[in-house]
Amino acid sequence: KRAYNKGIIHSNTKISHNIFELKLEIDLWNRFGEDLGIPGQFYMLRGWEAKDPFLPRPISIANIEDNIITFLYEVRGKGTHIISKLVKGDTLELLGPLGNGFDLKLKGKVGIVSGGIGIAPLIYLSKKLDNNVDFYCGFRDEVYYTDIIEKRVDRLFISTEDGSQGHKGFVTELFDPHRYDLIFTCGPLPMIKNVIKICRDIVPVYCSMESRMACGIGACLGCTIKTTKGMERVCKDGPVFSSREVIF
Ligand code: FES
């Protein structure tokens, strides 16, 4: 049975409007060299330091370095608002790594397409892939983490909806599926649907899906989506799915 473990906040920094980078130190429970997670996997985070305990929130792994796990999160509601107020030395409880991540063994040239905060698991993916990679990232306005990604990939393409940096418009307008053997994507549902549409019959797509989650471990069925295999749980059967499985 999986149990929540404690993490100590190393830093919790605002990096854009409503977007925070959280670094959690987790040394005690990693003493047996337990695997802390692969790109696409996530942790359920909940806070008890704050006056008001909140329900756990699923947050993707953006990096793992030694005993520090980095998460990016968007402040969307009460839970993430409470996390955003925590400071160095505060503790959070975390459960994970959970879910199935991206397949790192697939061969060929990779195109990564991210939208907004969907960039989080793809940042870690860009670190772990040995393939040649082009990274397309779309933002509404402010750009973040592109300096780190740029050093890891062959080519980086940026789009912003307001045109403040890179291409003005959507990231899918920049991207040519014919250049790639594989596509990995994460972002808002309309963007994922569009990536799949552009790539249909050209190149396989693997997408990390978002869903509201309560338990995070496959027990409550609160996160199911329609797939060719029937209803599947994003938290346990995903969050990474092949585009051939997902039914929109
Ligand atoms: Fe409970 Fe997925 S969140 S089954």
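Keep in mind that what you see is a predicted model, and the values were worked out from it rather than measured.

Parameters and conventions
- Residues numbered from 1 in each chain as written.
- Predicted model: local features only at pLDDT ≥ 70, side-chain atom pairs only at ≥ 80, totals over all residues.
- Helix = DSSP H or I, 4+ residues; strand = E, 2+ residues; numbered from the N terminus.
- Rg over C-alpha atoms; globule rule 2.2 N^0.38 Å.
- Buried ≥ 20, exposed ≤ 12 C-beta atoms within 10 Å, placed from the backbone.
- Domains from an automatic or database assignment.
- Contact = placed C-beta atoms within 7 Å.
- Nonpolar A, V, L, I, M, F, W, Y, C, P; charged D, E, K, R; others polar.
- Pairing = 2+ DSSP bridges.
- Right-handed = clockwise from strand over helix to strand, strands pointing away.

> Which residues make up the overall build of the protein chain, and what values go with them?
Scanning the protein chain from N- to C-terminus turns up 4 helices and 15 strands. Since a compact globule built from 248 residues should have a radius of gyration of about 18 Å, the 17 Å found for the protein chain is in line with a globular shape. Principal-axis analysis of the C-alpha atoms gives the protein chain an extent of 50 × 40 × 35 Å. When the 248 residues of the protein chain are sorted by exposure, 39% land in the buried category.

> Now, about the domain arrangement of the protein chain: what can you tell me, with residues and values included?
For the protein chain, the domain assignment lists domain 1 (5-98) and domain 2 (110-208). Of note, the centres of domain 1 and domain 2, computed from C-alpha atoms alone, are 24 Å apart. Each partner contributes residues to the interface: domain 1 has 12 residues there, and domain 2 has 11 residues. Elements supplying a minimum of two residues to the side of domain 1 that touches domain 2: strand S1 (5-16), strand S4 (57-65) and strand S5 (68-74). Considering every element that reaches the side of domain 1 that touches domain 2, the biggest residue donor is S4, with 4 residues. When its residues are assigned to classes, the side of domain 1 that touches domain 2 shows 6 nonpolar, 5 polar and 1 charged.

> Can you lay out the pairing of strand S7 (residues 110-115) for me, pointing to particular residues and giving the numbers?
Look at any regular strand and the pattern is simple: side chains alternate between the two faces of the sheet. Most of S7 is tucked away: 6 of the 6 residues are buried. Taking every second residue as pointing to the same face, both faces of S7 are buried, with Val110, Ile112 and Ser114 on one and Gly111, Val113 and Gly115 on the other. Here S7 pairs with strand S8 (residues 133-139) via 6 bridges, running parallel. Across the sheet, the residue bridging to Ile112 is Phe135, located in S8. Following the chain from S7 across helix H2 (residues 119-128) to the adjacent parallel S8, one finds a crossover that is right-handed. One ladder, built from 5 bridges, connects S7 with strand S11 (residues 182-186); its direction is parallel. For Val110, the partnering residue across the bridge sits in S11 and is Leu182.

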